[in-house]
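In case you want the letters, here they are:
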Amino acid sequence: MKTQQRTQHRIPIAKPMITDDEKRRVMEVLDSGRLVAGAKVKEFEHSFADYLGAGSAVATSSGTTALQVTLEALGIGAGDTVISTPFTFVATSNAIIHAGARPLFVDVDPHTYNLDPQAVEDAFKREKVRAILCVHLYGLPADLGALREIARRHSALLIEDSAQAHGARYDDQKVGTFGDAAIFSFYPSKNITTGEGGMIITTDAQVEHRARVLVNVGQDGAGEYVYEVIGYNYRMTDLSAALGLGQLEHLDEYNARRRANAARLTEGLGRSRWLMTPVEPRECFHVYNQYTIRVPQSRDRLVKYLNDQGIGTRVYYPSLVPNSPAYRRLGFAGQFPAAETLAREVLSLPVHPALAEGDLERIIEAVVHFPRDRG
Ligand SMILES: Cc1ncc(COP(=O)(O)O)c(C=O)c1O
(Lines give C-alpha, C1' and ligand atoms only; values in the text may rest on other atoms or scores of the structure.)
Protein backbone atom coordinates (compact mmCIF):
# COMPACT_ATOMS: atom_id res chain seq x y z
CA MET A 1 0.00 0.00 0.00
CA LYS A 2 1.25 3.44 -0.87
CA THR A 3 2.02 5.66 2.12
CA GLN A 4 -0.02 8.79 1.98
CA GLN A 5 2.23 11.84 2.18
CA ARG A 6 0.24 14.86 3.25
CA THR A 7 1.93 18.17 2.53
CA GLN A 8 1.87 20.13 5.73
CA HIS A 9 2.66 23.80 6.06
CA ARG A 10 5.75 24.89 7.93
CA ILE A 11 4.97 26.21 11.40
CA PRO A 12 7.11 29.29 12.06
CA ILE A 13 8.63 30.01 15.48
CA ALA A 14 7.28 33.58 15.32
CA LYS A 15 4.79 35.41 13.14
CA PRO A 16 3.65 39.00 13.57
CA MET A 17 -0.10 39.55 13.21
CA ILE A 18 -0.83 42.70 11.19
CA THR A 19 -4.50 43.60 10.71
CA ASP A 20 -6.09 45.51 7.81
CA ASP A 21 -6.85 48.32 10.26
CA GLU A 22 -3.13 48.57 11.10
CA LYS A 23 -2.24 48.68 7.40
CA ARG A 24 -4.77 51.49 6.99
CA ARG A 25 -3.27 53.41 9.92
CA VAL A 26 0.21 53.16 8.40
CA MET A 27 -1.13 54.26 4.99
CA GLU A 28 -2.76 57.27 6.64
CA VAL A 29 0.63 58.38 7.96
CA LEU A 30 2.19 57.84 4.54
CA ASP A 31 -0.56 59.91 2.94
CA SER A 32 -0.14 62.68 5.54
CA GLY A 33 3.48 63.23 4.48
CA ARG A 34 4.55 63.49 8.16
CA LEU A 35 6.59 60.36 8.57
CA VAL A 36 8.90 61.11 11.48
CA ALA A 37 8.31 61.68 15.18
CA GLY A 38 5.04 63.54 15.53
CA ALA A 39 1.47 63.14 16.73
CA LYS A 40 1.36 59.35 16.40
CA VAL A 41 4.49 58.89 18.51
CA LYS A 42 2.99 61.10 21.26
CA GLU A 43 -0.27 59.16 21.12
CA PHE A 44 1.54 55.81 21.26
CA GLU A 45 3.60 56.96 24.26
CA HIS A 46 0.45 57.99 26.12
CA SER A 47 -1.47 54.85 25.22
CA PHE A 48 1.41 52.58 26.23
CA ALA A 49 1.87 54.32 29.60
CA ASP A 50 -1.92 54.11 30.14
CA TYR A 51 -1.83 50.42 29.35
CA LEU A 52 0.88 49.82 31.96
CA GLY A 53 -0.99 51.90 34.49
CA ALA A 54 2.01 53.88 35.76
CA GLY A 55 4.88 56.03 34.60
CA SER A 56 5.62 58.08 31.51
CA ALA A 57 6.76 56.62 28.22
CA VAL A 58 9.44 57.78 25.77
CA ALA A 59 9.40 56.01 22.39
CA THR A 60 12.68 54.98 20.76
CA SER A 61 13.98 53.37 17.60
CA SER A 62 14.53 49.96 19.26
CA GLY A 63 14.74 48.13 22.57
CA THR A 64 18.51 48.37 22.30
CA THR A 65 18.52 52.17 22.03
CA ALA A 66 15.89 52.35 24.80
CA LEU A 67 18.24 50.45 27.13
CA GLN A 68 21.21 52.60 26.24
CA VAL A 69 19.33 55.85 26.81
CA THR A 70 17.73 54.57 30.02
CA LEU A 71 21.08 53.87 31.66
CA GLU A 72 22.47 57.21 30.57
CA ALA A 73 19.35 59.08 31.71
CA LEU A 74 19.63 57.40 35.11
CA GLY A 75 23.19 58.74 35.34
CA ILE A 76 24.83 55.31 35.16
CA GLY A 77 28.32 55.55 33.73
CA ALA A 78 32.05 55.15 34.35
CA GLY A 79 32.85 53.64 37.73
CA ASP A 80 29.40 52.07 38.16
CA THR A 81 28.68 48.37 38.41
CA VAL A 82 25.40 46.94 37.15
CA ILE A 83 24.23 43.43 38.01
CA SER A 84 22.64 41.53 35.16
CA THR A 85 21.97 38.07 33.80
CA PRO A 86 24.32 36.08 31.57
CA PHE A 87 21.33 34.32 30.01
CA THR A 88 19.68 36.97 27.82
CA PHE A 89 19.89 38.70 24.48
CA VAL A 90 23.20 40.54 24.20
CA ALA A 91 21.57 44.00 24.03
CA THR A 92 20.94 43.91 27.80
CA SER A 93 24.59 43.91 28.82
CA ASN A 94 25.81 45.81 25.74
CA ALA A 95 23.88 48.80 27.11
CA ILE A 96 25.81 48.61 30.39
CA ILE A 97 29.11 48.65 28.51
CA HIS A 98 28.00 51.42 26.12
CA ALA A 99 27.11 53.51 29.18
CA GLY A 100 30.72 53.13 30.34
CA ALA A 101 29.72 50.98 33.32
CA ARG A 102 30.77 47.44 34.22
CA PRO A 103 28.38 44.49 33.98
CA LEU A 104 28.46 42.10 36.93
CA PHE A 105 26.90 38.87 35.75
CA VAL A 106 25.28 36.60 38.31
CA ASP A 107 23.63 33.21 37.86
CA VAL A 108 19.97 32.51 37.16
CA ASP A 109 17.33 30.30 38.74
CA PRO A 110 17.22 27.06 36.69
CA HIS A 111 13.42 26.83 36.99
CA THR A 112 12.38 30.37 36.08
CA TYR A 113 15.44 31.11 33.88
CA ASN A 114 15.52 34.58 35.51
CA LEU A 115 18.04 36.23 37.87
CA ASP A 116 18.50 34.24 41.08
CA PRO A 117 17.82 36.71 43.95
CA GLN A 118 20.26 34.86 46.24
CA ALA A 119 23.04 35.27 43.65
CA VAL A 120 22.14 38.97 43.39
CA GLU A 121 22.25 39.36 47.17
CA ASP A 122 25.64 37.61 47.30
CA ALA A 123 27.01 39.97 44.64
CA PHE A 124 26.15 42.96 46.84
CA LYS A 125 28.26 41.40 49.60
CA ARG A 126 31.28 41.33 47.28
CA GLU A 127 30.98 44.68 45.51
CA LYS A 128 29.49 48.13 45.51
CA VAL A 129 26.66 47.96 42.99
CA ARG A 130 24.79 50.88 41.44
CA ALA A 131 21.91 49.04 39.74
CA ILE A 132 20.23 45.73 39.04
CA LEU A 133 19.18 45.26 35.41
CA CYS A 134 16.80 42.32 35.40
CA VAL A 135 15.23 40.63 32.38
CA HIS A 136 11.75 39.09 32.27
CA LEU A 137 12.97 36.26 30.08
CA TYR A 138 10.55 34.69 27.57
CA GLY A 139 7.69 36.77 29.09
CA LEU A 140 7.97 35.50 32.68
CA PRO A 141 8.46 38.25 35.29
CA ALA A 142 11.70 38.07 37.24
CA ASP A 143 11.34 37.75 41.03
CA LEU A 144 10.45 41.42 41.34
CA GLY A 145 9.41 41.18 45.00
CA ALA A 146 12.84 39.95 46.04
CA LEU A 147 14.80 42.14 43.60
CA ARG A 148 12.97 45.30 44.62
CA GLU A 149 13.66 44.55 48.26
CA ILE A 150 17.37 43.90 47.62
CA ALA A 151 17.66 47.11 45.58
CA ARG A 152 15.91 49.10 48.31
CA ARG A 153 18.11 47.68 51.08
CA HIS A 154 21.29 48.52 49.19
CA SER A 155 20.07 51.88 47.78
CA ALA A 156 20.58 50.53 44.27
CA LEU A 157 18.52 51.25 41.19
CA LEU A 158 16.24 48.59 39.71
CA ILE A 159 15.83 48.57 35.92
CA GLU A 160 13.53 46.15 34.11
CA ASP A 161 14.41 44.86 30.66
CA SER A 162 10.82 44.02 29.70
CA ALA A 163 11.64 43.57 26.00
CA GLN A 164 9.93 40.16 26.02
CA ALA A 165 7.16 40.81 28.52
CA HIS A 166 4.49 43.29 27.35
CA GLY A 167 1.48 42.84 29.63
CA ALA A 168 3.16 40.36 32.01
CA ARG A 169 2.26 40.86 35.66
CA TYR A 170 3.81 40.26 39.04
CA ASP A 171 1.42 40.36 42.01
CA ASP A 172 -1.15 41.68 39.55
CA GLN A 173 0.95 44.72 38.65
CA LYS A 174 2.31 45.05 35.12
CA VAL A 175 6.05 44.61 34.65
CA GLY A 176 7.78 47.78 33.56
CA THR A 177 6.32 49.66 36.52
CA PHE A 178 8.36 48.17 39.38
CA GLY A 179 11.77 49.68 39.00
CA ASP A 180 13.27 53.13 38.55
CA ALA A 181 12.94 52.61 34.81
CA ALA A 182 12.08 49.93 32.29
CA ILE A 183 12.30 49.28 28.59
CA PHE A 184 10.25 47.39 26.01
CA SER A 185 11.07 46.23 22.48
CA PHE A 186 8.71 46.09 19.52
CA TYR A 187 10.85 43.88 17.30
CA PRO A 188 8.68 41.58 15.12
CA SER A 189 9.18 38.51 17.35
CA LYS A 190 7.85 40.36 20.41
CA ASN A 191 4.28 40.23 21.80
CA ILE A 192 3.47 43.36 19.79
CA THR A 193 5.53 44.96 17.06
CA THR A 194 6.26 48.26 15.32
CA GLY A 195 8.85 46.70 12.99
CA GLU A 196 11.78 48.09 14.91
CA GLY A 197 10.94 50.14 17.99
CA GLY A 198 11.27 50.51 21.71
CA MET A 199 9.86 52.29 24.75
CA ILE A 200 11.34 53.68 27.95
CA ILE A 201 9.16 53.80 31.06
CA THR A 202 9.90 55.80 34.18
CA THR A 203 8.02 57.51 36.99
CA ASP A 204 10.88 59.98 37.52
CA ALA A 205 10.15 63.22 35.62
CA GLN A 206 13.85 64.11 35.41
CA VAL A 207 14.78 60.75 33.96
CA GLU A 208 11.94 61.09 31.48
CA HIS A 209 13.16 64.54 30.44
CA ARG A 210 16.76 63.40 30.07
CA ALA A 211 15.68 60.37 28.05
CA ARG A 212 13.53 62.51 25.74
CA VAL A 213 16.40 64.90 25.14
CA LEU A 214 18.96 62.12 24.54
CA VAL A 215 16.67 60.37 22.04
CA ASN A 216 16.19 63.63 20.13
CA VAL A 217 19.82 64.59 19.38
CA GLY A 218 20.19 66.38 22.71
CA GLN A 219 17.65 69.10 21.92
CA ASP A 220 15.67 70.31 24.90
CA GLY A 221 12.34 72.11 24.93
CA ALA A 222 14.06 75.49 24.46
CA GLY A 223 13.97 75.10 20.72
CA GLU A 224 15.46 73.63 17.63
CA TYR A 225 19.26 73.55 17.44
CA VAL A 226 19.60 74.15 21.20
CA TYR A 227 21.55 71.21 22.57
CA GLU A 228 21.39 70.41 26.27
CA VAL A 229 23.53 67.25 26.02
CA ILE A 230 25.35 65.22 23.39
CA GLY A 231 22.42 63.17 22.21
CA TYR A 232 21.45 60.63 19.58
CA ASN A 233 18.86 60.21 16.91
CA TYR A 234 17.02 57.29 18.47
CA ARG A 235 13.50 58.54 17.67
CA MET A 236 10.60 56.31 16.72
CA THR A 237 8.85 57.23 13.47
CA ASP A 238 5.15 58.03 13.15
CA LEU A 239 4.87 55.05 10.79
CA SER A 240 6.01 52.70 13.55
CA ALA A 241 3.87 54.43 16.17
CA ALA A 242 0.74 54.13 13.99
CA LEU A 243 1.34 50.39 13.74
CA GLY A 244 2.06 50.21 17.48
CA LEU A 245 -1.22 51.94 18.34
CA GLY A 246 -3.13 49.32 16.40
CA GLN A 247 -1.08 46.47 17.89
CA LEU A 248 -1.58 47.70 21.43
CA GLU A 249 -5.36 47.32 21.06
CA HIS A 250 -4.79 43.59 20.50
CA LEU A 251 -2.09 42.98 23.11
CA ASP A 252 -4.34 41.43 25.78
CA GLU A 253 -6.12 39.26 23.23
CA TYR A 254 -2.78 38.08 21.76
CA ASN A 255 -1.41 37.38 25.23
CA ALA A 256 -4.54 35.39 26.09
CA ARG A 257 -3.94 33.29 22.97
CA ARG A 258 -0.29 32.80 23.87
CA ARG A 259 -1.35 31.65 27.34
CA ALA A 260 -4.00 29.28 25.96
CA ASN A 261 -1.46 27.84 23.47
CA ALA A 262 1.07 27.43 26.29
CA ALA A 263 -1.51 25.67 28.46
CA ARG A 264 -2.32 23.25 25.63
CA LEU A 265 1.39 22.56 25.02
CA THR A 266 1.98 21.92 28.73
CA GLU A 267 -1.04 19.62 28.87
CA GLY A 268 0.28 17.67 25.87
CA LEU A 269 3.94 17.58 26.86
CA GLY A 270 3.71 17.46 30.66
CA ARG A 271 3.70 13.65 30.83
CA SER A 272 6.95 13.33 28.89
CA ARG A 273 9.38 12.85 31.75
CA TRP A 274 12.44 13.50 29.57
CA LEU A 275 11.65 17.20 29.15
CA MET A 276 10.64 20.06 31.45
CA THR A 277 7.82 22.44 30.59
CA PRO A 278 7.99 26.12 31.63
CA VAL A 279 6.89 27.16 35.13
CA GLU A 280 4.62 30.02 36.18
CA PRO A 281 5.13 30.94 39.84
CA ARG A 282 1.91 31.81 41.70
CA GLU A 283 2.59 35.58 41.78
CA CYS A 284 3.40 35.72 38.06
CA PHE A 285 1.30 36.21 34.93
CA HIS A 286 3.45 34.80 32.12
CA VAL A 287 2.87 36.19 28.61
CA TYR A 288 4.88 33.50 26.79
CA ASN A 289 6.86 35.53 24.34
CA GLN A 290 8.52 32.14 24.09
CA TYR A 291 7.38 28.72 25.25
CA THR A 292 10.69 27.25 26.33
CA ILE A 293 11.18 23.66 27.41
CA ARG A 294 14.30 22.03 28.83
CA VAL A 295 15.61 18.91 27.17
CA PRO A 296 18.52 17.54 29.22
CA GLN A 297 19.43 14.93 26.60
CA SER A 298 19.51 15.16 22.80
CA ARG A 299 18.29 18.78 22.57
CA ASP A 300 20.14 19.40 19.32
CA ARG A 301 18.80 16.20 17.75
CA LEU A 302 15.28 17.26 18.72
CA VAL A 303 15.84 20.63 17.00
CA LYS A 304 16.79 18.83 13.79
CA TYR A 305 13.96 16.33 14.10
CA LEU A 306 11.33 19.06 14.52
CA ASN A 307 12.84 21.04 11.68
CA ASP A 308 12.52 17.96 9.44
CA GLN A 309 8.84 17.77 10.47
CA GLY A 310 8.29 21.36 9.36
CA ILE A 311 8.20 22.79 12.88
CA GLY A 312 10.24 25.91 13.48
CA THR A 313 12.11 26.06 16.78
CA ARG A 314 14.83 28.28 18.19
CA VAL A 315 17.39 28.00 20.93
CA TYR A 316 17.30 31.23 22.91
CA TYR A 317 20.21 31.27 23.82
CA PRO A 318 22.77 28.61 22.88
CA SER A 319 25.61 30.37 24.69
CA LEU A 320 25.95 32.84 27.52
CA VAL A 321 26.75 36.47 26.82
CA PRO A 322 29.91 36.47 29.02
CA ASN A 323 31.28 33.51 27.04
CA SER A 324 31.17 35.31 23.70
CA PRO A 325 34.46 36.63 22.26
CA ALA A 326 33.46 40.26 22.82
CA TYR A 327 32.92 39.63 26.55
CA ARG A 328 35.62 37.12 27.41
CA ARG A 329 38.09 39.82 28.41
CA LEU A 330 35.78 40.64 31.36
CA GLY A 331 36.73 37.32 32.89
CA PHE A 332 33.30 35.92 33.78
CA ALA A 333 33.37 32.82 31.61
CA GLY A 334 32.54 29.54 33.33
CA GLN A 335 31.00 31.02 36.49
CA PHE A 336 27.33 30.27 35.94
CA PRO A 337 26.44 26.58 36.31
CA ALA A 338 22.66 27.07 36.13
CA ALA A 339 22.80 29.34 33.08
CA GLU A 340 25.32 27.01 31.38
CA THR A 341 22.94 24.10 31.87
CA LEU A 342 20.07 26.11 30.40
CA ALA A 343 22.11 27.12 27.35
CA ARG A 344 22.67 23.39 26.70
CA GLU A 345 19.08 22.33 27.35
CA VAL A 346 16.55 25.01 26.35
CA LEU A 347 14.41 24.87 23.25
CA SER A 348 11.61 27.27 22.29
CA LEU A 349 8.55 25.86 20.52
CA PRO A 350 6.02 27.94 18.54
CA VAL A 351 3.43 29.53 20.87
CA HIS A 352 2.49 32.71 18.99
CA PRO A 353 -1.14 33.81 18.44
CA ALA A 354 -1.06 33.02 14.70
CA LEU A 355 -0.97 29.27 15.49
CA ALA A 356 -4.01 27.19 14.61
CA GLU A 357 -5.40 24.44 16.85
CA GLY A 358 -4.06 21.80 14.44
CA ASP A 359 -0.58 23.31 14.68
CA LEU A 360 -0.45 22.76 18.43
CA GLU A 361 -1.47 19.11 18.03
CA ARG A 362 1.21 18.65 15.37
CA ILE A 363 3.87 20.16 17.65
CA ILE A 364 2.81 17.98 20.60
CA GLU A 365 2.65 14.80 18.49
CA ALA A 366 6.08 15.46 17.00
CA VAL A 367 7.75 16.14 20.35
CA VAL A 368 6.08 13.26 22.17
CA HIS A 369 7.08 10.80 19.43
CA PHE A 370 10.65 12.02 19.09
CA PRO A 371 12.76 8.83 18.87
CA ARG A 372 15.19 10.02 21.52
CA ASP A 373 16.84 6.67 22.30
CA ARG A 374 18.10 6.11 18.80
CA GLY A 375 21.27 7.35 17.12
C1 LIG B 1 15.81 40.79 26.59
C2 LIG B 1 16.01 41.73 25.44
N3 LIG B 1 16.58 42.92 25.66
C4 LIG B 1 16.74 43.82 24.69
C5 LIG B 1 16.34 43.55 23.39
C6 LIG B 1 16.63 44.55 22.32
O7 LIG B 1 15.51 44.95 21.62
P8 LIG B 1 15.61 45.36 20.07
O9 LIG B 1 15.77 44.11 19.29
O10 LIG B 1 14.30 46.05 19.83
O11 LIG B 1 16.75 46.29 19.93
C12 LIG B 1 15.72 42.33 23.12
C13 LIG B 1 15.19 42.01 21.79
O14 LIG B 1 15.60 41.52 20.88
C15 LIG B 1 15.57 41.38 24.15
O16 LIG B 1 15.01 40.20 23.94
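Residues numbered from 1 in each chain as written. Predicted model: local features only at pLDDT ≥ 70, side-chain atom pairs only at ≥ 80, totals over all residues. Heavy atoms only, no water.

The next point concerns the overall build of the protein chain. Summing up its helical and strand segments, the protein chain has twelve helices and twelve strands in all. Taken over the C-alpha trace, the protein chain has a radius of gyration of 21 Å; the compact-globule value for 375 residues is 21 Å, and the two agree within 12%. Its C-alpha atoms put the protein chain at 80 × 55 × 40 Å along the principal axes. Once local pairs closer than 6 in sequence are excluded, the contacts in the protein chain between residues at least 24 apart make up 70%. When the accessible surface of the protein chain is summed, it comes to about 16,900 Å², and 50% of that surface belongs to carbon and sulfur atoms. Across the protein chain, the mean location of the 42 positive side-chain charges is 7 Å away from that of the 45 negative side-chain charges. (Helix = DSSP H or I, 4+ residues; strand = E, 2+ residues; numbered from the N terminus. Rg over C-alpha atoms; globule rule 2.2 N^0.38 Å. Contact = heavy atoms within 4.5 Å. Areas by Shrake-Rupley, 256 points an atom, 1.4 Å probe, with all protein chains shown as cover. Lys, Arg positive; Asp, Glu negative; His and termini not counted. Charge placed at Lys NZ, Arg CZ, Asp CG, Glu CD.)

Before going further, it helps to spend a moment on the sheet that holds strand S8 (residues 181–185). Spatially, S1-S9-S8-S5-S4-S2-S3 is the arrangement adopted by the seven strands of the open sheet, whose pairing is mixed. The open sheet has two edge strands, strand S1 (56–60) and strand S3 (102–105), and neither has a second partner. Direction aside, neighbouring strands of the sheet carry axes that sit 20° apart on average. Where strand S2 (residues 81–84) meets strand S4 (residues 131–135), three bridges bridge the pair, whose relative direction is parallel. Pairing of valine 82 across the sheet is with alanine 131, part of S4. In the packing of helix H4 (residues 91–98) onto the sheet, the strands contacted are S2, S3, S4 and strand S5 (157–161), and the crossing angle to S3 comes to about 140°. Against the sheet, helix H7 (residues 205–215) makes contact with S1 and strand S9 (198–202), and its axis sits at roughly 15° relative to S1, the strand it touches most. (Pairing = 2+ DSSP bridges. Axes fitted to C-alpha atoms, helices over the stretch in contact; angles between N-to-C directions.)

Further remarks concern unusual backbone geometry. In this structure, the amide linkage connecting tyrosine 316 to the following residue, tyrosine 317, adopts the cis form with an omega of 10°. Phi is positive for tyrosine 288, which is not a glycine, with a value near 40°. A residue is classified by how much of its surface remains accessible, and tyrosine 288, at 7% relative accessible area, is buried. (Buried < 20%, exposed > 50% of the residue type's maximum accessible area, 1.4 Å probe, protein only.)

Attention now goes to the packing of helix H3 (residues 63–73) against H4. Across the interface, H3 lies against H4 with an axial gap of 9 Å and an inter-helix angle of 40°. Considering only the axes of H3 and H4, their crossing is right-handed. Together, Thr64, Leu67, Gln68 and Leu71 of H3 and Ala91, Thr92, Ala95, Ile96 and His98 of H4 make up the contact between the two elements. Among the residues forming the contact of H3 with H4, the class breakdown is five nonpolar, four polar and no charged. (Left-handed = near helix turned anticlockwise from the far one by under 90°. Nonpolar A, V, L, I, M, F, W, Y, C, P; charged D, E, K, R; others polar.)

Considered domain by domain, the protein chain is made up of domain 1 (20–246) and domain 2 (251–368). The C-alpha centroid of domain 2 is placed 24 Å from the C-alpha centroid of domain 1. Both sides of the domain 1 and domain 2 interface together cover about 3,200 Å² of buried area, and 63% of this is carbon and sulfur. On the domain 1 side of the contact with domain 2, Phe87, Tyr138 and Asn191 bury the most area, a combined 22% of that side's loss. Scanning the region where domain 1 abuts domain 2 turns up zero salt bridges. (Domains from an automatic or database assignment. Buried area = accessible area lost by both parts, 1.4 Å probe. Salt bridge = Lys/Arg side-chain N within 4 Å of Asp/Glu carboxyl O.)

Moving on, we come to the pattern of salt bridges. A complete count under the given rule lists 23 salt bridges for this structure. For glutamate 121, the salt bridge goes to arginine 153, with nearest N and O atoms at 3.0 Å. Of the two residues, glutamate 121 sits in helix H5 (residues 117–126) while arginine 153 sits in helix H6 (residues 144–153), which places them 32 residues apart along the sequence. For glutamate 121, a relative accessible area of 14% corresponds to the buried category. We note a salt bridge from glutamate 361 to arginine 264, for which the minimum N-O separation is 2.7 Å. In this pair, glutamate 361 sits in helix H12 (residues 357–368) while arginine 264 sits in helix H8 (residues 238–269), placing the two residues 97 residues apart along the sequence. When salt bridges with common partners are traced through the structure, they connect Asp21, Arg24, Arg25, Glu28 and Glu249 into a single cluster.

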